[in-house]
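Topology and contacts: notes
The primary structure of each chain is shown beneath.
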Amino acid sequence: MKLVTDVTHCDDLMKALEGFREDAPLIQRWGTALAGRLGGGARLLVAGNGGSAAQAQHLTAELVGRYRDDRPAFSALALHADTSSTTAIANDYGVSEIFARQVAAHGREGDLLMLLSTSGASANLLVAAEEAHRLGMTVWALTGPAPNPLQAAADEALCVAAATGATVQELHLVAVHMVCEAFDQAVARREREQRATGHERRRWAAGEGAV
């Protein structure tokens with residue numbers, strides 16, 4: 001008996017990936033900018049619902065822990081992960097406030113808020129974006145097909161053109177890993193530059209650089 005395997009899902013992913021490749025420069029820029037912000041003492045707040053919450057926590061784990069090679073830890077918080085806070089806020093203020101209330105508590109001017117949504121229409125993420133802007137934070141969004149409300153509410157957005165939410169989420173994970181790759185590259189460059197600068201200063205202090 002011949003078994004027929006349905007590879008439609010794989011075909012959809014491959015098709016969406018072709019268009020997604022065009023966003024590589026934006027992702028590279030995000031990773032580099034994120035390294036500069038977090039290296040300067042800012043923090044990253046990340047939020048999403050359902051599967052996007054898992055993606056959010058994946059990103060923060062890579063930054064607080066490590067992506068590939070060892071490096072310093074950086075401040076990144078997945079807002080859904082504090083279940084006591086999220087459930088208390090939902091109970092007392094409503095589900096639409098679960099992320100905005102935490103942004104108000106943890107966010108500071110110069111911090112970054114990254115929001116993940118396959119639909120780009122989640123009310124609690126839109127309210128969080130509004131609160132972040134009130135505080136002087138920068139808002140980035142990973143969404144599904146454009147146009148969508150979250151794209152409009154963010155400072156910058158990467159909108160994945162895909163037929164299903166599952167494919168959007170899969171490419172969001174690719175984006176997360178690419179951001180981490182660019183982040184680590186930027187951190188490594190900064191460390192090399194700091195070592196080179198320190199070496200030059202020591203040379204001048206020893207009189208080796210004097211003419």
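Here is a short report on the structure shown in this document.

Reading guide: rules and limits
Residues numbered from 1 in each chain as written. Predicted model: local features only at pLDDT ≥ 70, side-chain atom pairs only at ≥ 80, totals over all residues. Heavy atoms only, no water. Helix = DSSP H or I, 4+ residues; strand = E, 2+ residues; numbered from the N terminus. Buried < 20%, exposed > 50% of the residue type's maximum accessible area, 1.4 Å probe, protein only. Contact = heavy atoms within 4.5 Å. Areas by Shrake-Rupley, 256 points an atom, 1.4 Å probe, with all protein chains shown as cover. Lys, Arg positive; Asp, Glu negative; His and termini not counted. Charge placed at Lys NZ, Arg CZ, Asp CG, Glu CD. Phe/Tyr/Trp six-rings, centres within 6.5 Å; stacked < 30°, edge-to-face > 60°. Salt bridge = Lys/Arg side-chain N within 4 Å of Asp/Glu carboxyl O. Polar contact = N/O pair within 3.5 Å; in protein donor to acceptor, adjacent residues only side chain to side chain. Pairing = 2+ DSSP bridges. Axes fitted to C-alpha atoms, helices over the stretch in contact; angles between N-to-C directions. Right-handed = clockwise from strand over helix to strand, strands pointing away.

**What to know about the overall build of the protein chain**
A count of helices and strands for the protein chain gives eight helices and five strands. Looking at the 211 residues of the protein chain, the share that counts as buried comes to 39%. Taking the contacts inside the protein chain whose residues are at least 6 apart along the sequence as the reference set, 70% of them involve residues at least 24 apart. Carbon and sulfur atoms form 53% of the exposed surface of the protein chain, whose accessible area is close to 11200 Å². In the protein chain, which carries 19 positive and 25 negative side-chain charges, the distance between the mean positions of the two groups comes to 7 Å.

**Quick look at the packing of aromatic side chains**
Tallied over the full model, the rule gives two aromatic pairs. Aromatic side chains Trp30 and Trp140 sit 4.8 Å apart centroid to centroid with 0° between the ring planes, which places their arrangement in the stacked category. Here Trp30 is found in helix α2 (residues 24–39), whereas its partner Trp140 is found in strand β4 (residues 138–143), with 110 residues between them in sequence. Assigned by exposure class, Trp30 and Trp140 land together as buried. Between Phe74 and Phe183, the ring centres sit 5.0 Å apart and the planes meet at 90°, which makes this aromatic pair edge-to-face.

**Points about the pattern of salt bridges**
Using the criterion set out here, one finds four salt bridges in the structure. In this structure, the salt-bridge partner of Arg68 is Glu181, at a minimum N-O distance of 3.2 Å. Here Glu181 lies in helix α8 (residues 165–205) and Arg68 lies in the loop between α3 (51–64) and β2 (76–78), a separation of 113 residues in the sequence. Residue Arg68 is classed as exposed on the basis of its relative accessible area, which comes to 52%. Judged by its relative accessible area of 25%, Glu181 is partly exposed. When the shortest N-O distance is used, the salt bridge between Glu131 and Arg134 registers 2.6 Å. With Glu131 and Arg134 both in helix α6 (residues 123–135) and three residues apart, this pair spans about one turn of that helix. Taking the relative accessible area as the measure of exposure, Glu131 reaches 15% and is therefore buried.

**Observations concerning the side chain of Thr167**
Tracing the backbone through its elements, the reader meets Thr167 in helix α8. Residue classification places Thr167 among the buried positions, given a relative accessible area of 1%. Polar side-chain contacts of Thr167 include one of 3.1 Å to the side chain of Thr164. Among all residues touching Thr167, those that are not within four sequence positions of it are Asp12, Leu13, Ala16 and Ala162.

**A few points about the sheet that holds strand β3 (residues 112–117)**
Taking strand neighbours across the sheet as the criterion, the five strands line up as β2-β1-β3-β4-β5 in an open arrangement whose pairing is parallel. With partners counted over all chains shown, the strands left at the sheet margins are β2 and β5 (156–159), one partner each. Strand-to-strand twist across the sheet, computed as the mean angle between neighbouring axes with direction ignored, equals 15°. The pairing of β4 with β5 spans four bridges and is parallel. Looking at the pairing, Thr143 lines up with Cys159 of β5. In the packing of α2 onto the sheet, contacts are made with β1 (44–48), β3, β4 and β5, and the angle to β5 comes to roughly 140°. Lying on the sheet, α6 is in contact with β1, β3 and β4; it crosses β3 at an angle near 165°.

**Here's the deal with the pairing of β1**
Here β1 lies mainly inside the structure; five of its five residues are buried. A two-sided burial pattern is seen for β1, the buried positions comprising Leu44, Val46 and Gly48 on one face and Leu45 and Ala47 on the other. Two strands pair when backbone bridges link them, and β1 and β2 are joined in this way by three bridges, in the parallel orientation. Bridging from a neighbouring strand, Leu44 pairs with Ala76 of β2. With α3 bridging β1 and its parallel neighbour β2, the resulting β-α-β unit is right-handed.

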